[in-house]
Amino acid sequence: MKYGISINAMLMFLVLGLVTLAVPPQIARAATFTVDDDNPADYATIQGAINAAGSGDVITVYPGTYNENLTISDKEITLQSADPNDPTAAIINGGGTGRAVTFKHAGASVLEGFTITGGTDSGVYITSSSPTIMRCIFTSNTGSGGYGGGLYSQDSSPTIVN
């Protein structure tokens, strides 16, 4: 009888284990955040949305000029304009006060459909990341101290498309 209880207990644990394996875990879904500087949206600033986003999330930016110095760090996100085929509609302006966009340990993040302007020490600075940058216009960015004007990449493998 002692052994019968032990075998029953082992069978119960085995069945529970199999049931646990058969039930799929909840699949995490990427969140989508919207940014608009003059209309209702999830965020009024791009950096606010970046700070709230987690890896895999998508940030959609509506037309306007965003006077910000953005940092995407330690997460992989997609930052896209609402109309990625018109990069003149959404403008990231570093305002001459630093880099317009920085990728730092940002994995395979995506930047799509923006005009990048007003960056100093480069419009886009990439370190230890492999972002894809698509359909972007780089204009009026400056470089100094060996950093590129439009884009600077260090220990990274960016993909630049169109």
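Rules used in this analysis
- Residues numbered from 1 in each chain as written.
- Predicted model: local features only at pLDDT ≥ 70, side-chain atom pairs only at ≥ 80, totals over all residues.
- Heavy atoms only, no water.
- Helix = DSSP H or I, 4+ residues; strand = E, 2+ residues; numbered from the N terminus.
- Buried < 20%, exposed > 50% of the residue type's maximum accessible area, 1.4 Å probe, protein only.
- Contact = heavy atoms within 4.5 Å.
- Areas by Shrake-Rupley, 256 points an atom, 1.4 Å probe, with all protein chains shown as cover.
- Core = buried A, V, L, I, M, F, W, Y, C linked by side-chain atoms within 4.5 Å.
- Pairing = 2+ DSSP bridges.
- Axes fitted to C-alpha atoms, helices over the stretch in contact; angles between N-to-C directions.
- Phe/Tyr/Trp six-rings, centres within 6.5 Å; stacked < 30°, edge-to-face > 60°.
- Lys NZ or Arg CZ within 6 Å of the ring centre and 35° of its normal.
- Salt bridge = Lys/Arg side-chain N within 4 Å of Asp/Glu carboxyl O.

**Student:** Please clarify how the overall build of the protein chain should be interpreted in this entry.
**Tutor:** Looking only at helices and strands, one finds two helices and 14 strands in the protein chain. The buried share of the protein chain, reckoned over its 162 residues, is 36%. Intrachain contacts of the protein chain at a sequence separation of at least 6 include 53% that bridge at least 24 residues. Entry remark: accessible area of the protein chain is about 8900 Å², with carbon and sulfur atoms responsible for 57%.

**Student:** Sorry if this is basic, but what is going on with the nonpolar core here?
**Tutor:** Soluble globular proteins tend to pack their nonpolar side chains together in the buried interior. Counting 26 residues, the largest nonpolar core has Ile46, Ile59, Leu79, Ile92, Phe103, Leu111 and Phe114 as the members making the most contacts within it. Of all the secondary structure elements, the ones that give two or more residues to this core are strand 1 (32-35), helix 2 (46-52), strand 2 (58-61), strand 4 (70-73), strand 6 (90-93), strand 7 (101-107) and strand 10 (124-129). Those residues in contact with Phe114 that sit more than four places away from it in its chain are Val61, Leu79, Gln80, Ser81, Pro87, Ala90, Ile92, Arg135, Cys136 and Ile137.

**Student:** For this particular structure, what's the right way to read the sheet that holds strand 5 (residues 78-81)?
**Tutor:** Note: strands within a sheet are paired through backbone hydrogen bonds, in either parallel or antiparallel orientation. Strand order in this open sheet of six strands is 1-2-5-8-11-14, and the pairing throughout is parallel. Looking at which strands have only one partner, the edges of the open sheet turn out to be strand 1 and strand 14 (159-161). Along the sheet, successive strands turn relative to each other by an average axial angle of 15 degrees, direction set aside. Across four bridges, the pairing between strand 1 and strand 2 is parallel. Opposite Val35, over in strand 2, you have Val61 as the bridge partner.

**Student:** Just checking my understanding: could you explain unusual backbone geometry for this structure?
**Tutor:** Negative phi values dominate among residues other than glycine, just as trans dominates among peptide bonds. Although it is not a glycine, Ser140 adopts a positive phi angle of roughly 55 degrees. Mapped onto the fold, Ser140 is located in the loop between strand 12 (137-139) and strand 13 (151-154). Ser140 sits in the exposed class, given a relative accessible area of 58%. Even without glycine at this site, Asn162 takes up a positive phi of about 55 degrees.

**Student:** Just to check I follow, could you spell out the packing of aromatic side chains for this structure?
**Tutor:** Two numbers describe a pair of aromatic rings. These are the distance of the centres and the angle of the planes. One pass over the full model with this rule turns up two aromatic pairs. Ring geometry for Phe33 against Tyr43: centres 5.8 Å apart, planes inclined by 70 degrees, an arrangement best described as edge-to-face. Residue Phe33 is located in strand 1, and its partner Tyr43 is located in the loop between strand 1 and helix 2; the two are separated by ten residues in the primary sequence. With 5.4 Å between their ring centres and 15 degrees between their planes, Tyr125 and Tyr152 make a pair best called stacked. Remark: Tyr152 occurs in strand 13 and Tyr125 occurs in strand 10; sequence separation between them is 27 residues. Of the residues examined, Tyr125 reaches a relative accessible area of 9% and is grouped as buried. Lying over the aromatic face of Tyr125, Arg99 brings its terminal NZ or CZ to 3.7 Å of the ring centre.

**Student:** How should the pattern of salt bridges be read in this particular structure?
**Tutor:** Side chains bearing opposite charge may pair, as long as their charged atoms lie close to each other. Per the counting criterion, the structure on display carries one salt bridge. Linking Arg135 and Glu112 is a salt bridge whose minimum nitrogen-to-oxygen distance equals 2.1 Å. Placement of Arg135 in the loop between strand 11 (132-134) and strand 12 and of Glu112 in strand 8 (residues 110-112) is noted, with a sequence separation of 23 residues between them. We classify Arg135 as partly exposed; its relative accessible area is 29%.

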